[in-house]
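As a plain string of letters, each chain reads:
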Amino acid sequence: MSTTLILIQVLNGLQLGVILFLIAAGLTLVFGVMGFINLAHGVQYMLGAYLAVWLYGATGSFIAAFLLALPLALVLGLVLEFLVFRHLYARDHLSQVLATFGVILFLNQLVEVIFGPAALTVEVPQFLDWSFELVPGLLYPAYRVALIVAGLLVAAALWYVITRTRVGMLIRAGATNPEMVSALGVNVRQLFLVVFGFGAMLAGLAGVLAAPVFSVEPGMGDDLLIVAFVVIIIGGAGSIRGAFVAALLVGLVDTLGRTLVTDGLRLAMDASAANQIGPAIASMLIYVLMALVLFWRPEGLFAAKVTR
Amino acid sequence: MTKKALLTAASLVALGQAAAAEVKVGMVVTLSGPPAALGQQAVDGFQLALDELGGTLGGEPAELIVEDDELKPDVALTKANSLIESEEVDFVVGTIFSNMLQAIFRPITESETFLISPNAGPSTFAGRNCNPYFFVTSYQNNQNAEVMGAYAQNAGLSNVFLIAPNYQAGRDNLEGFRMHYEGEIAGEVYVPLDHQDFSAEIARIATSDADAVFAFTPGGLGVRFVRQFDDAGLSDRIQFMSVFTTDETTLPAQQDAAEGFIAAGNWAPDTDNEASQAFVAAFEEEFGYVPGGYAMQAYDAAKLIDSAVAAVGGDLSDKDALRAALEAADFQSLRGDFSFSANHYPVQDFYQLTVAQRDDGAWVTSMGELVFDDYADSFAEECSM
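A.B. asks: Kindly report on the overall build of chain A, identifying the contributing residues and their values.
C.D. replies: Counting its secondary structure elements, chain A contains 11 helices and two strands. Whereas a compact globule of 308 residues would reach a radius of gyration of roughly 19 Å, chain A reaches 20 Å, a difference of no more than 12%. Reported as C-alpha extents along the three principal axes, the dimensions of chain A are approximately 60 × 50 × 35 Å. In chain A, the proportion of contacts linking residues at least 24 apart, taken out of those at least 6 apart, comes to 77%.

A.B. asks: So what about the confidence of the model for chain A? Which residues, and what values?
C.D. replies: Within chain A, residue pLDDT values average 87, and 98% of them lie at 70 or more. The secondary-structure element of chain A with the lowest mean pLDDT is strand S1 (residues 131–135) of chain A, recorded at 76, while helix H2 (residues 41–59) of chain A shows the highest, at 93.

A.B. asks: Tell me about the environment of Glu184 of chain B, and name the residues and values.
C.D. replies: All names here are of chain B. The residue Glu184 is located in strand S8 (residues 184–191) in this model. The class of Glu184 is partly exposed, set by 14 C-beta atoms lying within 10 Å. Glu184 sits 24 residues away from Val160 along the chain, and the two C-alpha atoms are 6.4 Å apart. Once you skip the residues sitting within four places of it in the chain, Glu184 turns out to touch Ser158 and Asn159.

A.B. asks: With reference to specific residues and values, describe the packing of helix H9 (residues 220–235) of chain A against helix H10 (residues 240–268) of chain A.
C.D. replies: Between two packed helices, the angle of one axis relative to the other and the distance separating the axes together describe the packing. Residues and elements named next belong to chain A. Contact geometry for H9 and H10: axes closest at 8 Å, N-to-C directions at 125 degrees. By the criterion of interaxial angle, the relationship of H9 to H10 is oblique. As for how H9 packs across H10, the hand of that crossing is right-handed. Side by side, H9 and H10 meet where Val227, Val230, Val231, Ile232, Ile234 and Gly235 of the first sit next to Gly242, Ala243, Val245, Ala246, Ala247, Leu249 and Val250 of the second. Of the residues in the contact of H9 with H10, the class split is 11 nonpolar, two polar and no charged.

Scoring rules and cut-offs
- The numbering scheme is per chain: residues are counted from 1 as the chain's sequence reads.
- In the order they appear in the text, chains get letters beginning with A and ligands get numbers beginning with 1.
- Local features in this predicted model are restricted to residues of pLDDT 70 or higher, and side-chain atom pairs are both shown and tallied only at a pLDDT of 80 or more, whereas totals for entire chains, interfaces and linings draw on every residue.
- Labels follow the DSSP assignment, with helices taken as runs of H or I lasting at least four residues and strands as runs of E lasting at least two, numbered in each case from the N terminus.
- Between the two quantities, the radius of gyration covers C-alpha atoms and the globule rule is 2.2 Å times the number of residues to the power 0.38.
- Residue pairs are scored as contacts if the distance between their C-beta atoms, which are placed from the backbone, is within 7 Å.
- Per-residue confidence from the predictor is reported as pLDDT, which spans 0 to 100.
- Buried, partly exposed and exposed are defined by the number of other C-beta atoms within 10 Å of a residue's own C-beta, namely 20 or more, between the two limits, and 12 or fewer respectively, with C-beta atoms placed from the backbone.
- For helices, the axis comes from a line fit to the C-alpha atoms of the stretch in contact; other axes are also lines fit to C-alpha atoms, and the angle between any two N-to-C directions lies between 0 and 180 degrees.
- Oblique is the label for any angle not covered by the other classes, which are roughly parallel (under 35 degrees), roughly antiparallel (over 145) and roughly perpendicular (65 to 115).
- Handedness of a crossing is defined here by the sense of rotation of the near helix relative to the far one, left-handed for an anticlockwise turn of less than a right angle and right-handed for a clockwise turn.
- Nonpolar residues are Ala, Val, Leu, Ile, Met, Phe, Trp, Tyr, Cys and Pro. Charged residues are Asp, Glu, Lys and Arg, and all others, Gly as well, are polar.

In structure tokens:
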């Protein structure tokens, strides 16, 4: 286990963390501010990736596809809000889970009908199609570095919006005590719409950014959604700061765990047993982390909600 | 509806069945979700053979009923039961995935209906649990990996890094690779079945002194791994060998990222015999994409049924005669030599394949050297029937 390998894994962990953050940011706001469980949030990530496939194909430019995909992801999110989610805010969590799960099934099937079931790919844009040589013989794609930078920029912008603007103040207030915000004459419905569209757009952005790295296929958001929920539980529902810290934490623990656990076990037992047990333990690590956080801080690391 | 009307309806249905085709074939393959492309290849391959035979099998009018198992064992079981109970098919052709085969195997073989697998060839039914009603036109699942290991050994590769998803088939394939390969193992990594980002594994490979990688990463897993492997600049210095990773279903998405990558198989679209060339041309003309092994094996399954039905003169009631006719494998396989082992799994030649771009721009696997001549699987001797 060399230091270079660990360095590379840290970069990889950051990259996973950044994508998780973009998905979890929207999810934590929707959950924290509106108390709404949106299982279909992962689908919006998938839609972003498919928008990238479609728009990149149609325009031939990644930048154009990127710039067009964001408003379209926003519109798709708002359409879903208008058609489905709006009618669920007053319902209990079970109805929300059932209905948004239905949206997952419907949209996964829809993209399969439109784009086919096979995995699609998006080419890395020309201007980022080069690599750093991290160690002799191993190239680290520039696009992945750009992805990390883009994610951090979005995080900074979000931090600014949430802490320094009026909308951000309302969102924070809404996450802490929605009844009071409503009582003070703020149009909560409108606030919800803003939060929702914003969250959908961030998930779409994650999809667009991830498309050139991962394969684009129906259901690609479903697994990430579960991890995104782990992130918001660790970070504390409604807290963007919590989502950021937790996303990076989960990204790093997951990536480093996959390397270190098996290697660590090899020191203690024979290789084939380590190969059997290592991946199983590594895939549990983030849930163990979640359990520990829940044990010590049941409300999450940076809970926004006041205890009531 | 009155009782009389019901009876009339029932007799009408019975009449309809009596008037239907002489040979009924039910197909259970995966046609939804990401692996749907594999099932589609099998359906199209079988259909093409049926079209060429003018809608007959063994000279008798034939009917094909296609069912989607949705990659869910319970769905596969329901569909299989409906095929044997209400449709009363003479043959079931399926499945693509081994776990689907496990689900439908018992009800079909116990109903004494012949089950012919166009792809799944698990070890479970190759050894002691071999069955007189079960035939395979593909391979025993581990064989491609065994061939790849033998190739690596012959090619003088001495330090290979192994990677596969963390489930039974993943372990079986890595085990298969080790059967004939005797060099060093630079590392062995198991990833989740839905693994997205391979950069952690790629970093390990790059820092491991391996001269080659052996991967079993089917479907979307392979699309991601191959592209990320190539993006990391490893293609030039580490030989990429794989099974079920770079085939005609994944190459449309991998394209030049997989150029020069090596695979193992029993056939490639450029297999040099007249029947195969004609099949590929007709398939591309009809369906607009390049057929892979899945299509070829289903086509062969159709031709196998055709030969057996013809041999018994259309009399499907004598199961022993029909079985003997199937065992004879008296048909022209697209891959050339083909016969059945004692366990009804194929004895066939295996080749090393190389990913290359065809003149018309399509990315395909291309025939390389012959690795095994008339290769049978290692479980056949445990089978007694």
